[in-house]
Amino acid sequence: MTSSNPAIPEPSNFIENIIVSDLQSGKRTTVHTRFPPEPNGYLHIGHAKSICLNFGIAKRFAGVGGQCNLRFDDTNPAKEDQEYVDSIQEDVHWLGFDWDDRCFYASDYYDKCYEFAIQLIQKGKAYVCELTGDQVSEYRGTPTAPGKPSPWRDRSVEENLELFAKMTRGEVEEGRMFLRAKIDMASPNMNLRDPAIYRIKKAEHHRTGAKWVVYPMYDYAHPLGDWMEGITHSICTLEFEVHRPLYDWVLEALELPHRPQQIEFARLNLTYTVMSKRMLLELVQNKIVMGWDDPRMPTISGLRRRGYTPSSIRSFAEKIGVAKADSVVDINLLYFCIREELNAVAPRRMGVLDPLKVVIANWPADKVDMIEADNNPEDPTMGKRMIPFGREIWIERDDFMEVPVKKYFRLAPGAEVRLKHAYYITCKEVVKDAQGNVVELRCEYDPESRGGGSPDGRKVKGTLHWVSVAHALEAEVRLFDHLFSFENLSDVPEGHDYKEFYNPNSLVRKQAKLEPSVKELKPFDRIQFLRHGYFCVDSRDSKDGAPVFNRIVELKDSWAKEQKK
RNA sequence: UGACCUAUAGUGUAAUGGUAGCACAACAGAUUCUGACUCUGUUUGUCUAGGUUCGAAUCCUGGUAGGUCAACCA
């Protein structure tokens, strides 16, 4: 379906299909979305999907005046906090989106919502109920059995008005009365069995303080908030699907024109990842992690500290698409997105995580050679740097095998390899301690091979990274694994809790030997340690002035994979 | 024993009654001063049974499987 209007983009998912057809049919002339978090926790990668969706649609439909609001759904003062408001704003901005002057709060609309509630009462469409919590659920019935009407259902308009005013003045105890919509106690949809629309909460609200003691419920405030902001397409997750009739009922009952349309999509699930706010809060409170921004957390702030870029997350959101079917996305796709970006832009550095000393026997004791190395083979414009080379160097312990397996082309007794950017060396002798552990290698270098080539054209298959012992910088390097060891939440066996599956190896700290140039790196700088993956300088921690590195993601390693087989 | 929603390669997602594509993953090969990257190629799919139609992933009916709903949470 090609649109004749050049301002209307080609739809790329089912939501945009709806929008485009609304535009083409003349049902809408513009597109206005919103991202409506409740400020009761930090945003996570699942929210990033929604943010990219809502702000992305506004951007794609800019030609017809597309806009996206940020709206805090702060209708429950007991759970919400300014700290969360601040972090949410920071995270949305960091992801690369902006709401201009359109940051709103459901609490901005309390007065309006209240007036509308009075209208509903006057229309005979809402009443004050005095059933207790237990009674309410008893009267509501079950999904298969209809409910029965509350004894307070048929109060007079005057009495309802008076009681609601009393509630509002704080003259009624919490839980003693609440305002319900009068819909249908026998509806097959439980949400329509006279749902609560206002309840008493004598809690301090983070924005309105003690001004109110009655607060609107989500199901009532949300459609009104959407309507007041001129939202055209109100996009939310699947669990609100059965609430849609109620959403529509509120707007219909109040006879409001130009109503927004609610559209639901499947929330993001990721393998090896638990996304519920409750669980994330628990991890923080029980100090299983360092905080909301622990690099292992699926929070936006955690991903940021880990070293993910906003563009990699946006790219991920685009790749996973949007649909209505429940699904679990393979976290490898997220890894791919950050690798793809960082491969192109991250400077290469050498670092040895598990060091083994190599002595170049035919290299003069005090001679230091400054070796030139390109910063990124993918991008020559990133220039070069100089690396010191001396008689003693560190190599990776698993880059040497005393008894090499077939197709092993790194260092072994008698074998020749290339030290990246530097020289060819041949292993002449293996030094062991009393227990028989290899503690040092004695090698000889080929002076003709400076720069990593050889005049006679002989080939070496293996190229090792290395760090000069005399110049090495020691620094902490953190390697991460999944916080939980199950792949999918549904893998958790019956009768067990996912908390039994914490992965004790989700954080491994290494004291690594790094080439001296890494000293100049700043927080959030991202590099690739050759063969070890992409790392980011931690934005909070450093040890003795030396940067601490978080590994964002490993490089693919077909050799390691083959060995496992 | 209810209502609503969903079902396309291993995973995610397109195809709006007209050639089932794309990405990731996997596999094979080429290349390589990162066993990375890159390049080439390959394998694998419309839940099921009917119906409508010249023609169905798409529309209809039944079945199966999964999800959501019984907060004065969002």
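The following refers to the structure shown. Only a predicted model underlies this, so the values are computations on that prediction, with no experimental measurement involved.

Looking at the protein's contact with RNA strand B
Turning to step 1, where the next piece is worked out: Neighbouring residues of RNA strand B: 66 residues in total, closest Asn17, Arg348, Arg410, Gly451 and Gln528.
Turning to step 2, where the next piece is worked out: In RNA strand B, the atoms that sit within 4 Å of the protein are 62% sugar and phosphate, with bases accounting for the remainder.
Turning to step 3, where the next piece is worked out: Take His243: an N or O atom from its side chain is 3.3 Å from a base nitrogen of RNA strand B.
Turning to step 4, where the next piece is worked out: A distance of 2.7 Å separates a sugar or linking oxygen of RNA strand B from a polar atom in the backbone of Ile320.
Turning to step 5, where the next piece is worked out: Elements represented by at least two residues in the surface near RNA strand B include exactly β6 (196-200), α11 (310-320), α12 (332-345) and α13 (558-564).

Quick word on the sheet that holds strand β20 (residues 466-468)
Turning to step 1, where the next piece is worked out: Overall, mixed pairing links the seven strands, which are arranged β19-β16-β17-β18-β12-β15-β20 in an open sheet. Either end of the sheet is taken by a strand with one partner, and the two such strands are β19 (463-464) and β20.
Turning to step 2, where the next piece is worked out: Summarising the sheet, strand β16 (residues 416-419) and β19 pair through two bridges and their orientation is parallel. Following the sheet pairing, Arg418 is matched in β19 by Thr463.

Considering the pairing of strand β24 (residues 533-543)
Each regular strand carries side chains that alternate between the two faces of the sheet.
Turning to step 1, where the next piece is worked out: Of the pairings in the sheet, the one linking strand β23 (residues 526-529) to β24 comprises four bridges and is antiparallel in character. Its bridge partner lying in β24, Gln528 is registered against Tyr534.
Turning to step 2, where the next piece is worked out: Counting the residues in the hairpin turn of β23 and β24 gives three residues, including Arg531, whose phi is positive at 70°.
Turning to step 3, where the next piece is worked out: The hairpin formed by β24 and strand β25 (residues 546-553) contains two residues between the paired strands, and Asp544 there has a positive phi angle of roughly 50°.

Notes on a nonpolar patch on the surface
Turning to step 1, where the next piece is worked out: Together, Val368, Met370 and Met386 line one region of the surface with nonpolar side chains, adding up to about 260 Å² of accessible area.
Turning to step 2, where the next piece is worked out: Relative to the assigned elements, Val368 resides in the loop between β12 (355-360) and β13 (369-374).
Turning to step 3, where the next piece is worked out: Given a relative accessible area of 43%, Val368 falls into the partly exposed group.

Observations regarding unusual backbone geometry
Among all residues except glycine, the phi angle is most often negative; among peptide bonds, the trans geometry is most common.
Turning to step 1, where the next piece is worked out: Despite not being glycine, Asp194 shows a phi value in the positive range, around 45°.
Turning to step 2, where the next piece is worked out: Relative to the assigned elements, Asp194 resides in the loop between β5 (178-181) and β6.
Turning to step 3, where the next piece is worked out: Judged by its relative accessible area of 0%, Asp194 is buried.

Side note on the packing of aromatic side chains
Turning to step 1, where the next piece is worked out: Throughout the structure, instances matching the rule amount to 27 aromatic pairs.
Turning to step 2, where the next piece is worked out: Aromatic side chains Tyr84 and Trp292 sit 6.4 Å apart centroid to centroid with 85° between the ring planes, which places their arrangement in the edge-to-face category. Pair noted here: Tyr84 is in helix α3 (residues 82-94) and Trp292 is in the loop between α9 (277-285) and α10 (300-306), with a separation of 208 residues, a long-range link. Like Tyr84, the residue Trp292 is buried in the burial classification.
Turning to step 3, where the next piece is worked out: Where Tyr114 meets Trp212, the ring centres are 5.6 Å apart and the plane angle is 55°; that geometry is what we call tilted. Taken as a pair, Tyr114 in helix α4 (residues 110-122) and Trp212 in the loop between β6 and β7 (214-216) lie far apart in primary sequence, 98 residues in all.
Turning to step 4, where the next piece is worked out: Among the residues examined, Trp212 registers a relative accessible area of 8% and is labelled buried.
Turning to step 5, where the next piece is worked out: Members of the aromatic cluster, connected to one another through ring pairs, are Tyr110, Tyr114, Phe164, Tyr198, Trp212, Tyr215 and Tyr220.
Turning to step 6, where the next piece is worked out: Sitting over the face of the ring of Tyr105, Arg207 holds its NZ or CZ atom 3.5 Å from the ring centroid.
Turning to step 7, where the next piece is worked out: One cation-aromatic arrangement involves Arg304 over Trp94; the distance from NZ or CZ to the ring centre is 5.3 Å.

Digging into the packing of helix α7 (residues 218-228) against helix α8 (residues 244-253)
Geometrically, a packed helix pair is captured by the angle between its two axes and the distance between the axes.
Turning to step 1, where the next piece is worked out: Contact pair α7 / α8: the axes reach a minimum separation of 9 Å and the direction vectors enclose 60°. Classed by the angle they form, the pair α7 and α8 counts as oblique. When you trace α7 past α8, the crossing you get is right-handed. Where α7 approaches α8, its residues Asp219, Tyr220, His222, Pro223, Leu224, Asp226 and Trp227 are matched on the opposing element by Leu246, Tyr247, Val250 and Leu251.
Turning to step 2, where the next piece is worked out: Residue composition of the contact of α7 with α8, by class: eight nonpolar, one polar and two charged.

Observations concerning the sheet that holds β7
Turning to step 1, where the next piece is worked out: Here we have four strands laid out as an open sheet, ordered β4-β5-β6-β7, and antiparallel in their pairing. Looking at strand neighbours, the two that pair on one side only are β4 (126-129) and β7, the edges of this open sheet. Neighbour-to-neighbour, the strand axes of this sheet turn through a mean angle of 20°, independent of strand direction.
Turning to step 2, where the next piece is worked out: Relative to β6, β5 runs antiparallel, the two sharing three bridges. Counted as the bridge partner of Leu179 is Tyr198 from β6.

A short note on α7
Turning to step 1, where the next piece is worked out: Counted residue by residue, α7 has eight buried out of eleven residues, so it is predominantly covered.
Turning to step 2, where the next piece is worked out: Buried residues of α7: Asp219, Tyr220, Ala221, His222, Pro223, Leu224, Gly225 and Asp226, and no others.
Turning to step 3, where the next piece is worked out: Gly230 sits one or two positions beyond α7 and adopts a positive phi of about 70°.

Digging into the environment of Ile8
Turning to step 1, where the next piece is worked out: With respect to the helices and strands, the residue Ile8 is situated in the segment before α1 (14-25).
Turning to step 2, where the next piece is worked out: Looking at Ile8, the relative accessible area reads 8%, which means it is buried.

Points about the pattern of salt bridges
Turning to step 1, where the next piece is worked out: Evaluation of the coordinates by the stated rule reveals 45 salt bridges.
Turning to step 2, where the next piece is worked out: Where Glu16 meets Arg60, a salt bridge forms, and the shortest distance between an N and an O atom there is 2.8 Å. With Glu16 in helix α1 and Arg60 in helix α2 (residues 45-60), this residue pair connects regions lying 44 residues apart in the sequence.
Turning to step 3, where the next piece is worked out: Residue classification places Glu16 among the buried residues on the basis of a relative accessible area of 2%.
Turning to step 4, where the next piece is worked out: Each of the salt bridges in this network shares a partner with another, and the network as a whole consists of Asp293, Arg305, Glu476, Arg478, Arg509, Asp538, Arg540, Asp541 and Lys543.

Calculation criteria
Residues numbered from 1 in each chain as written. Chains lettered and ligands numbered in written order. Predicted model: local features only at pLDDT ≥ 70, side-chain atom pairs only at ≥ 80, totals over all residues. Heavy atoms only, no water. Near = heavy atom within 4 Å. Polar contact = N/O pair within 3.5 Å; in protein donor to acceptor, adjacent residues only side chain to side chain. Helix = DSSP H or I, 4+ residues; strand = E, 2+ residues; numbered from the N terminus. Pairing = 2+ DSSP bridges. Patch = residues over 30% accessible without salt bridge, like charges linked within 9 Å, V, L, I, M, F, W, Y side chains within 5 Å. Areas by Shrake-Rupley, 256 points an atom, 1.4 Å probe, with all protein chains shown as cover. Salt bridge = Lys/Arg side-chain N within 4 Å of Asp/Glu carboxyl O. Buried < 20%, exposed > 50% of the residue type's maximum accessible area, 1.4 Å probe, protein only. Phe/Tyr/Trp six-rings, centres within 6.5 Å; stacked < 30°, edge-to-face > 60°. Lys NZ or Arg CZ within 6 Å of the ring centre and 35° of its normal. Axes fitted to C-alpha atoms, helices over the stretch in contact; angles between N-to-C directions. Parallel < 35°, antiparallel > 145°, perpendicular 65-115°, else oblique. Left-handed = near helix turned anticlockwise from the far one by under 90°. Contact = heavy atoms within 4.5 Å. Nonpolar A, V, L, I, M, F, W, Y, C, P; charged D, E, K, R; others polar.

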